[in-house]
Amino acid sequence: HFDPVLLLWLPLYALAPNPATLVVLHVSVITAGGLVLYGLARQFLKPAIASLVLAGYYGANAIIGPTFSNFHDLFQIPLFLFTLLLAVERRCWWLVALMSVLTLLVRQDAGIVLFGVGLYLIASRRYPKVGLAICIASFSYIVVATNVFMPLFSRDISQRFMMERFSQFAVGEEASTLEILGSIATQPGRFLSQLLLYKPLTKIGYLLIQALPLLFVPLIAPWAWVIAGFPLLQLFLQQGATPLAIHIRYAITIVPGFFYGAILWWSGRQHLLRPRLKQVWLGCIILSILIALLHS
């Protein structure tokens, strides 16, 4: 993978070059992402509901599983994306730009997650120009990183990764990201077959577990689908077992879209959270934690 943002943490590791440093860094950044999420939730919600959203984050399979598994590049996604969204709410555009750049540098395909945010800003008509700029920057970076930067080091991206994950769309023994995208665009039948008929029950279960700590609200929240739609599409089109494993790092890419979408959904329906429903929500969070522990 192409993960230049990890250089951000190099001075810290240089001070204490030990595996324990990576563990502390990993958990600290994930924890900080939750704190920013609470600040984001408080822009729309009362403290009681914002606290449940925060509890849902710390109890989510997509957070616990990848954090317990190993040190990985995507642990930075929640902190960067929640900070970006909070900066949008406060119209702090320099911070939006900074978080956008840092998100892109997480790895070569992190732009897919950022693209969903840009699409939301366009579709919601809140800041369409900013959204368009984010979408263009995201798509351009993915193309350049995978077709220019990464081949400078190795042909691995086209000969191994793309073939392992997207060989059903490839022609020949290797394929670039642009060739895979072109193949998907020109083969709608194969696209729909992979999306709807390949492991349908596994995909439904995956969505249910992702939405469980949020009382399944993201499944009926339109903006959650807009923001998380492209990261989900990327996972649903891949072959193999790991893309849809809730305890592996890929699951964390869905978290920003589902949680922000849930916040927006609750913002106009806070009166619906009665004591009994609150207890059900807490039960869902506890169940999510138990499932995460069983997977671990």
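A quick note: this is a predicted structure, and the numbers were derived from the prediction, not measured. (Residues numbered from 1 in each chain as written. Predicted model: local features only at pLDDT ≥ 70, side-chain atom pairs only at ≥ 80, totals over all residues. Heavy atoms only, no water.)

## Looking at helix H11 (residues 188–197)
Working step 1: Looking at H11, one finds that the buried residues are Phe-191, Gln-194 and Leu-195. The arc that holds the buried residues of H11, viewed along the axis, is 95°, so those residues lie on one side. Exposed and oriented more than 90 degrees from the buried face of H11 are Gly-189, Leu-196 and Leu-197.
Working step 2: Each element contacted by the buried residues of H11 is listed here: helix H10 (177–186), helix H12 (200–211) and helix H13 (222–236). (Buried < 20%, exposed > 50% of the residue type's maximum accessible area, 1.4 Å probe, protein only. Helix = DSSP H or I, 4+ residues; strand = E, 2+ residues; numbered from the N terminus. Arc of directions from axis to C-beta. Contact = heavy atoms within 4.5 Å.)

## A few points about the nonpolar core
Across soluble globular proteins, nonpolar side chains have a tendency to be buried as a group.
Working step 1: Ranked by internal contacts, the top residues of the largest apolar core, which has 90 residues, are Tyr-206, Phe-259, Trp-266 and Trp-281.
Working step 2: Not counting residues within four places of it along the chain, the set of residues in contact with Tyr-206 comprises Leu-232, Leu-235, Phe-236, Pro-243, Leu-244, Ala-245, Ile-246, Tyr-250, Ala-251 and Ile-254. (Core = buried A, V, L, I, M, F, W, Y, C linked by side-chain atoms within 4.5 Å.)

## Digging into unusual backbone geometry
When glycine is set aside, most residues are seen to have a negative phi, and most peptide bonds are trans.
Working step 1: A positive phi is found at Arg-91, a non-glycine position, where the angle reads about 55°.
Working step 2: With respect to the helices, strands and loops of the structure, Arg-91 is situated in the loop between helix H5 (77–89) and helix H6 (93–104).
Working step 3: Overall, the relative accessible area of 58% leaves Arg-91 in the exposed class.
Working step 4: Backbone geometry places Leu-215, a non-glycine residue, at a positive phi of 60°.
Working step 5: Checked against the element boundaries, Leu-215 lands in the loop between H12 and H13.
Working step 6: Look at Leu-215 and you get buried, because its relative accessible area is 14%.

## Notes on the side chain of Gln-108
Working step 1: Secondary-structure assignment places Gln-108 in the loop between H6 and helix H7 (111–123).
Working step 2: When its relative accessible area of 2% is taken as the criterion, Gln-108 is described as buried.
Working step 3: Among the polar contacts listed, one links the side chain of Gln-108 to the side chain of His-1, at a separation of 2.8 Å.
Working step 4: A polar contact is formed between the side chain of Gln-108 and the backbone nitrogen of Phe-2, at a distance of 3.0 Å. (Polar contact = N/O pair within 3.5 Å; in protein donor to acceptor, adjacent residues only side chain to side chain.)

## Re the packing of aromatic side chains
Working step 1: If you walk through the whole model with that rule in mind, you get 15 aromatic pairs.
Working step 2: Look at Tyr-57 and Phe-82: their rings are 6.1 Å apart centre to centre, the planes differ by 70°, and that puts the pair in the edge-to-face class. On the criterion of sequence distance, the pair formed by Tyr-57 in helix H3 (residues 47–58) and Phe-82 in helix H5 is long-range, its members being 25 residues apart. The exposure classification of Tyr-57 matches that of Phe-82, with both residues buried.
Working step 3: Between Trp-265 and Trp-266, the ring centres sit 5.1 Å apart and the planes meet at 90°, which makes this aromatic pair edge-to-face.
Working step 4: For Trp-265, a relative accessible area of 16% translates into the label buried.
Working step 5: Judged by relative accessible area, Trp-266 falls into the buried class, the value being 1%. (Phe/Tyr/Trp six-rings, centres within 6.5 Å; stacked < 30°, edge-to-face > 60°.)

## Overview of a nonpolar patch on the surface
Working step 1: A cluster of nonpolar side chains, Phe-68, Ile-286, Leu-287, Ile-289, Leu-290 and Leu-293, forms an exposed patch at the surface whose accessible area comes to about 570 Å².
Working step 2: In terms of residues, the nonpolar patch owes the most to one element, helix H15 (residues 275–295), which gives five residues.
Working step 3: Within the element layout of this structure, Phe-68 appears in helix H4 (residues 61–69).
Working step 4: The exposure class of Phe-68 is exposed, given its relative accessible area of 55%. (Patch = residues over 30% accessible without salt bridge, like charges linked within 9 Å, V, L, I, M, F, W, Y side chains within 5 Å. Areas by Shrake-Rupley, 256 points an atom, 1.4 Å probe, with all protein chains shown as cover. Salt bridge = Lys/Arg side-chain N within 4 Å of Asp/Glu carboxyl O.)

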